[in-house]
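Here's the letter readout for the chains.
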There are 2 protein chains.
Amino acid sequence: MGRYVNFQDELKYRIDRIEEVIRKYLPPEEGFAKNMAEAMNYSMCAGGKRLRPLLLMETCRMFGGDLQTAEPFMAAMEMIHTHSLIHDDLPAIDNDDYRRGRLTTHKVYGEAMGVLSGVALLNYAYETMFRAFDLAPENPGIVKALRIMAHKTGLYGMLGGQSVDVENDGKPVSQEMLDYIYCHKTSALLEAAMMTGAVLAGADEEQTAVIEQAAAKIGLAFQIQDDILDVTSTSEELGKPVHSDEKNNKTTYVTLFGLEEASHQVEELSGEAIRLLDSLDQKNEFLTELIYYLISRRK
Amino acid sequence: MGRYVNFQDELKYRIDRIEEVIRKYLPPEEGFAKNMAEAMNYSMCAGGKRLRPLLLMETCRMFGGDLQTAEPFMAAMEMIHTHSLIHDDLPAIDNDDYRRGRLTTHKVYGEAMGVLSGVALLNYAYETMFRAFDLAPENPGIVKALRIMAHKTGLYGMLGGQSVDVENDGKPVSQEMLDYIYCHKTSALLEAAMMTGAVLAGADEEQTAVIEQAAAKIGLAFQIQDDILDVTSTSEELGKPVHSDEKNNKTTYVTLFGLEEASHQVEELSGEAIRLLDSLDQKNEFLTELIYYLISRRK
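Residues numbered from 1 in each chain as written. Chains lettered and ligands numbered in written order. Predicted model: local features only at pLDDT ≥ 70, side-chain atom pairs only at ≥ 80, totals over all residues.

Enquirer: Where do I start with the overall build of chain A in this structure?
Expert: When its secondary structure is counted, chain A shows 16 helices and two strands. The C-alpha atoms of chain A give 19 Å as radius of gyration, which agrees with the globular expectation for 299 residues (19 Å, within 12%). Its C-alpha atoms put chain A at 50 × 50 × 35 Å along the principal axes. In chain A, which comprises 299 residues, the proportion classed as buried is 50%. Long-range contacts, defined here as pairs at least 24 residues apart, represent 72% of the contacts in chain A between residues at least 6 apart. (Helix = DSSP H or I, 4+ residues; strand = E, 2+ residues; numbered from the N terminus. Rg over C-alpha atoms; globule rule 2.2 N^0.38 Å. Buried ≥ 20, exposed ≤ 12 C-beta atoms within 10 Å, placed from the backbone. Contact = placed C-beta atoms within 7 Å.)

And the structure:
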């Protein structure tokens, strides 16, 4: 670690740029449907790590792509992620009143608006991505990126993982099923982020496949780290209640393998992700450092 | 009326073709997320007029377009419409247990799956539309069609209309607001259908604008006819409870203008839609007849 000089400064600088991009692409709050735009923007501006747009931007940078063409995809990536959080918090799903210390969308705008503004945010992500055709109409990566994004978001990606997670709420699940849930609910959008960044920059199929594998491992490591923090962190550090998995009888990597083995797997998976990235001719040292940063995070 | 020979036979023939197209593009029910695919297909196969894919196909035919390229859009059109019905029926929105005589999706699969499978269907609509790039990679109408579809579905289209409708549930609304709701909640997807059919067939901006205006009038006429049927039809004819608007204190065209004036407006709007279509060089007599058919419907 620490091989990348001023990682924290660089991270802050890049997140600031992402915040600007997100603000640029938010829907205006006007007209009869003003409240819906407000509900969408409320959740988009509730903070968060902005990890997915960051991974998208850094993978695009790694392959020498034009970051401006990637901007609508960076904003859309965060809209897709945020839509899933709004729906996760709904009474019919996790029934959470707070997220990151603020009231959840449905608590502020009502349950019907929680459902509808979540959907509207997903749809607006597509509307936003289509704006890339104005920026670089001849870039064949745009269509590839759209297809990746839709596939990794939907039935065969995040939403499929979410549905299996919800169906097995409170039941013990096998490791096979837990892997399915983690690989889809969490990894799928990280794969979408990094693969989209790659294809927009012109990465070929083989390179994109390596990126997909690396992202899958980062996603799994990220999710196992979440399991670990739920046991080892404090609610002050985490900004949400701890020990919630135990309370909800959730099967996690910690309940299946114990803390030590789970931590070992996070390191293994991160190491594998870095080796995969190292196997490519294209380099981005910041991205490597970001992976180390993710596994050492305390929230 | 009756200028088109064998309209009913032709209508049946075309709906049969649409049913085939829809079946062809439904997601396979397999893997861990099998239940989600089942929930999506349950609602897609619950019947319905298939009006939106029909309008898409007939407008594409009118401009001499390739109907095969339009197929993914026809299937996607019905997915977007069906997703909105699944969410409309949710406890947090209209709380309906039955639609077209069958249990609603959330009654069969649970409320969480109702939310998630509705979203998954919207997302799958995009995944499906992107398949058009395989069929006709060089058709510049595909990107235009995608942008129309996203815009008319989202915050500035159907979803925006739905949000305003939900927010004003049970409250008296002005005619201005009622027009906003009808033009967005109902007309927006009919505009999407007809405009998409037109641009896929290579219609230019001016022609597409005429189609948009015609579709807006058809949508408004269709919605006012719904208001009328709620008062004049029987629940047997309609397949759902009648007099529901009165029970729910809904402002409608019938409560604002009375039955006679509302019927007059349906005829006026349909006439204007037909005159708009007649103003174009391209002709489709079946489409004209379909508009007459829609205003004379009893369900």
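Read on, since the account is not over.
Enquirer: Explain the relation of the copies chain A and chain B here, please?
Expert: Superposing the two chain copies requires a rotation about an axis and a translation along that axis. Mapping chain A onto chain B is achieved by rotating through 180° and translating by 0.0 Å along the same axis, at an RMSD of 0.0 Å. What we have between these two chains is a two-fold relation. The rotation axis passes nearest to the C-alpha of V119(A) in chain A, at a distance of 3.2 Å. In this assembly, 100% of the residues forming the interface of chain A have copies in chain B that are likewise at the interface, indicating an isologous arrangement. (Least-squares fit on C-alpha atoms with pLDDT ≥ 70 in both.)

Enquirer: Hey, could you run me through the interface of chain A and chain B in this one?
Expert: Reports often express the size of an interface as the amount of accessible area lost when the parts come together. Taken together, the contact between chain A and chain B spans 41 residues of the former and 41 residues of the latter. Sorting the residues of the side of chain A that touches chain B by element identifies α2 (34-44), α6 (111-129), α8 (141-153), α9 (158-167) and α10 (175-200) of chain A as the ones contributing at least two each. With 12 residues, the single largest contributor to the side of chain A that touches chain B is α6(A). In terms of residue class, the side of chain A that touches chain B is built from 28 nonpolar, nine polar and four charged. (Nonpolar A, V, L, I, M, F, W, Y, C, P; charged D, E, K, R; others polar.)

Enquirer: Honestly, the packing of helix α9 (residues 158-167) of chain B against helix α10 (residues 175-200) of chain B in this entry has me stumped. Any pointers?
Expert: Geometrically, a packed helix pair is captured by the angle between its two axes and the distance between the axes. All names here are of chain B. Remark: α9 packs on α10, axes separated minimally by 7 Å, with the N-to-C direction vectors making an angle of 140°. One way to sum up the angle between α9 and α10 is to call them oblique. For the crossing formed where α9 meets α10, the hand is left-handed. The residues of α10 that touch α9, namely those facing M158, G160, G161, Q162, V164 and D165, are M177, Y180, I181, H184, K185, A188 and L189. (Axes fitted to C-alpha atoms, helices over the stretch in contact; angles between N-to-C directions. Parallel < 35°, antiparallel > 145°, perpendicular 65-115°, else oblique. Left-handed = near helix turned anticlockwise from the far one by under 90°.)

Enquirer: Just to check I follow, could you spell out helix α8 (residues 141-153) of chain B for this structure?
Expert: Because each turn of an α-helix spans 3.6 residues, side chains separated by three or four positions in sequence point in the same direction. Given a rise of 1.5 Å per residue, 13 residues ought to cover 18 Å, and the 18 Å separating the end C-alpha atoms of α8(B) matches this to within 8%. Along α8(B), the positions that sit buried rather than exposed are G141(B), I142(B), K144(B), A145(B), L146(B), I148(B), M149(B), A150(B), H151(B), K152(B) and T153(B). As for α8(B), its buried residues are in contact with α6 of chain A together with α4 (67-88), α6 (111-129), α7 (132-135), α9 and α10 of chain B. (Expected span 1.5 Å × (residues − 1).)

Enquirer: Explanation requested: unusual backbone geometry in the structure shown.
Expert: Negative phi is the rule for most residues except glycine; trans is the rule for most peptide bonds. Of note, the phi angle at N95(A) is positive, near 55°, even though the residue is not glycine. Among the structural elements, N95(A) can be located in the loop between α4 (67-88) and β1 (98-99). Of note, R100(B) is a non-glycine position whose phi angle comes to about 50°, a positive value. Relative to the elements of secondary structure, R100(B) occurs in the loop between β1 (98-99) and β2 (102-103).

Enquirer: Sorry, what's going on with the nonpolar core here?
Expert: Looking at soluble globular proteins, one finds that nonpolar side chains tend to be buried together. Among the nonpolar cores identified, the biggest contains 180 residues, and L56(A), F73(A), M194(A), L56(B), F73(B) and M194(B) are the most heavily contacted of them. Among residues more than four places away in sequence, those in contact with M194(A) are L55(A), L56(A), T59(A), I211(A), A214(A) and A215(A). (Core = buried A, V, L, I, M, F, W, Y, C linked by C-beta atoms within 7 Å.)

Enquirer: How should the environment of A132(A) be read in this particular structure?
Expert: Residue and element names in this part refer to chain A. For A132, the location among the structural elements is in helix α7 (residues 132-135). Distance in space between the C-alpha atoms of A132 and Q68 is 9.0 Å, their sequence separation being 64 residues. Residue contacts for A132: discarding those within four places in its chain leaves T69, P72, F73 and I142.

Enquirer: Honestly, the confidence of the model for chain A in this entry has me stumped. Any pointers?
Expert: Caution applies to low-pLDDT parts of the model: their predicted coordinates are not meant to be read in detail. Confidence in the prediction for chain A averages 94 pLDDT; 99% of positions are at 70 or higher. As scored by the predictor, the complex reaches a pTM of 0.96 and an ipTM of 0.96. (pLDDT = per-residue confidence, 0-100.)

Enquirer: Explain the environment of N284(A) to me, please; I cannot follow it from the model alone.
Expert: Looking at the element boundaries, N284(A) is found in the loop between α15 (259-278) and α16 (285-295). In this view, N284(A) contacts E58(A), R61(A) and M62(A); residues no more than four positions away in its chain are not counted.

Enquirer: Please clarify how helix α16 (residues 285-295) of chain B should be interpreted in this entry.
Expert: Residues and elements named next belong to chain B. Within the sequence span of α16, burial applies to L287, T288, L290, I291 and I295. Buried residues of α16, viewed axially, fall in a sector of 155°; they line one side. Where the residues of α16 are buried, they touch α3 (51-62), α11 (205-232) and α15 (259-278). (Arc of directions from axis to C-beta.)

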